[in-house]
Every structure is written in structure tokens, then in C-alpha cells.
Amino acid sequence: DSGVTQTPKHLITATGQRVTLRCSPRSGDLSVYWYQQSLDQGLQFLIQYYNGEERAKGNILERFSAQQFPDLHSELNLSSLELGDSALYFCASSVRTGGTEAFFGQGTRLTVV
Amino acid sequence: AQKVTQAQTEISVVEKEDVTLDCVYETRDTTYYLFWYKQPPSGELVFLIRRNSFDEQNEISGRYSWNFQKSTSSFNFTITASQVVDSAVYFCALRGISGGYNKLIFGAGTRLAVHP
């Protein structure tokens, strides 16, 4: 158990809908990362927050947004969902930025039908 | 640009065989960090090891060992006496200063199947 909690584990929704994925980082970790894993794109970095502030953006679509709350949990919002958004979405956390290792949650498997 | 290449897409071995997973990276950074993660069939990503660019010592942890060679930009992972529980997808990843240390660049992964 990495200590990173993601909910829900599975999500099935229709095209055009909006969903929210939730992540609770390990106790004491200030940095949260979101990754998308799909068969064709592999593991892609989406966005990072550190202590409530956005620190880096990767290949995140404009339809996607995220935030980190004062209690350090984070949410990833996906809207106007398309079939191609079906993927495994991971949250990871680390104590700080820099070279520290990141610990990953179990992921949320999103299926858009 | 930063890049991680895992040329082996799939490897199949019989239990107790030794197996080496290759990882080649590209970066212009002088300071960077390399990682290996394991993704078992259950789907979670499990951290295995971190190595910084200034430490080329090889590391051994039980049946696992890692060989870091800056001269060839490689960070290979060897499992000795493989077991069925080692069956998983293994990812090599890079984090460097040019990326603001903010993101892990993952390779495509190597799927290891260990058969009884």
C-alpha cells in the first residue's frame, strides 16, 4: 500500500459527461501529480501541484482541470468526455518536488461509452 | 529533450531464469534521477528504486539488481532467479532539471511473463 488513495477505482460514464477523480496524497506529502495511462500513449504526465499551487503542466487537454485543496487532497475534473478519454488515471505524491520518488495510487479506470 | 527507451516490449522466461530489462535514457541535464516502477496485473504502480546521476554504484536488493552506466546512458534492471510473482510490466523513468524536476518521463514499459 503506497499510502496514496484514489477514488473511485472504476468509473463508467457516457460521452459528453463530466467526472471528478479524487486523490488523497500520503501523509506529509505536499506534491501531487496526475498521470494518464492509455494503450496508445503510455504513461503521460498531466499536471502537478505543490502545496496548493500549480507547478507544472504536461499534455493536459483544455477540457481537463485540476486543483489541490488546503488539506492537500486533489481533484482532477474531466469534462465533455470523449471515447478517447478512456484510460487509467493515476495520482502520485511526493514529499516535495525535485528528485524524490513519487508514490502512486491504485488508479481510477475511466471508461467512456 | 528527455526520453526513455525500453526496447524490449515483452520478455517471456521460465521460473528461476535470470532476466535483464534494458533502459536507455536521453537527457542534456547534468543532474537527473532515474527510477524503476513495477505494474503488476492488479494495475497499481509500485516504486522500486531511485538513482541520482552522481551515484553510479550498482545496487542490489534481494533478487533485484540495477546497473547504472552514464557512459552508455543506461539503467538496466536484473531479476535473478525469477518467480511467477515477478510477472508485471516494468517501467523505467527519468526526472531532470530541464523538466523542472516536476515530471517523470516514462518509457513504454517491458512486459515480463514468468512461467512456472
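Scroll up for the structure.
What counts and how
- Residues numbered from 1 in each chain as written.
- Chains lettered and ligands numbered in written order.
- Predicted model: local features only at pLDDT ≥ 70, side-chain atom pairs only at ≥ 80, totals over all residues.
- Heavy atoms only, no water.
- Buried < 20%, exposed > 50% of the residue type's maximum accessible area, 1.4 Å probe, protein only.
- Helix = DSSP H or I, 4+ residues; strand = E, 2+ residues; numbered from the N terminus.
- Pairing = 2+ DSSP bridges.
- Contact = heavy atoms within 4.5 Å.
- Buried area = accessible area lost by both parts, 1.4 Å probe.
- Salt bridge = Lys/Arg side-chain N within 4 Å of Asp/Glu carboxyl O.
- Polar contact = N/O pair within 3.5 Å; in protein donor to acceptor, adjacent residues only side chain to side chain.
- Nonpolar A, V, L, I, M, F, W, Y, C, P; charged D, E, K, R; others polar.

1. Considering the pairing of strand β2 (residues 10-13) of chain A
Residue and element names in this part refer to chain A. Residues of β2 alternate between two faces, with Leu 11 and Thr 13 buried on one and His 10 and Ile 12 left unburied on the opposite face. Alignment of β2 against strand β11 (residues 108-112), held across four bridges, turns out to be parallel. Pairing of Ile 12 across the sheet is with Thr 111, part of β11.

2. Comments concerning the interface of chain B and chain A
Taken together, the contacts link 16 residues of chain B with 20 residues of chain A. Both sides together, the interface formed by chain B and chain A hides about 1,600 Å², and carbon and sulfur atoms give 58% of it. By the criterion of area lost to chain A, the three top residues of chain B are Leu45(B), Arg95(B) and Asn102(B), representing 35% of everything that side buries. Where chain B packs against chain A, one counts one salt bridge. Residue Glu101(A) pairs with Arg50(B) through a salt bridge whose shortest N-O separation is 3.4 Å. At the surface where chain B touches chain A, the tally comes to six residue pairs in polar contact (both at pLDDT 80 or more). Broken down by secondary-structure element, the contributors of at least two residues to the side of chain B that touches chain A are β5 (32-39), β6 (46-52) and β10 (88-96) of chain B. Ranked by residues supplied to the side of chain B that touches chain A, first place goes to β5(B) with four residues. When the residues that make up the side of chain B that touches chain A are grouped by side-chain class, the tally is nine nonpolar, three polar and four charged.

3. Examining the pattern of salt bridges
If charged atoms from side chains of opposite charge come close, those side chains can pair. Residue and element names in this part refer to chain A. The full count for this structure, using the stated rule, is eight salt bridges over all chains. With a closest N to O distance of 2.8 Å, Asp 29 and Arg 26 form a salt bridge. On the accessibility criterion, Asp 29 (1% relative accessible area) is buried. Arg 26 gets classed as partly exposed once you look at its relative accessible area, which sits at 22%. Overlapping salt bridges, with partners in common, bring together Arg 63, Glu 82 and Asp 85 in one network.

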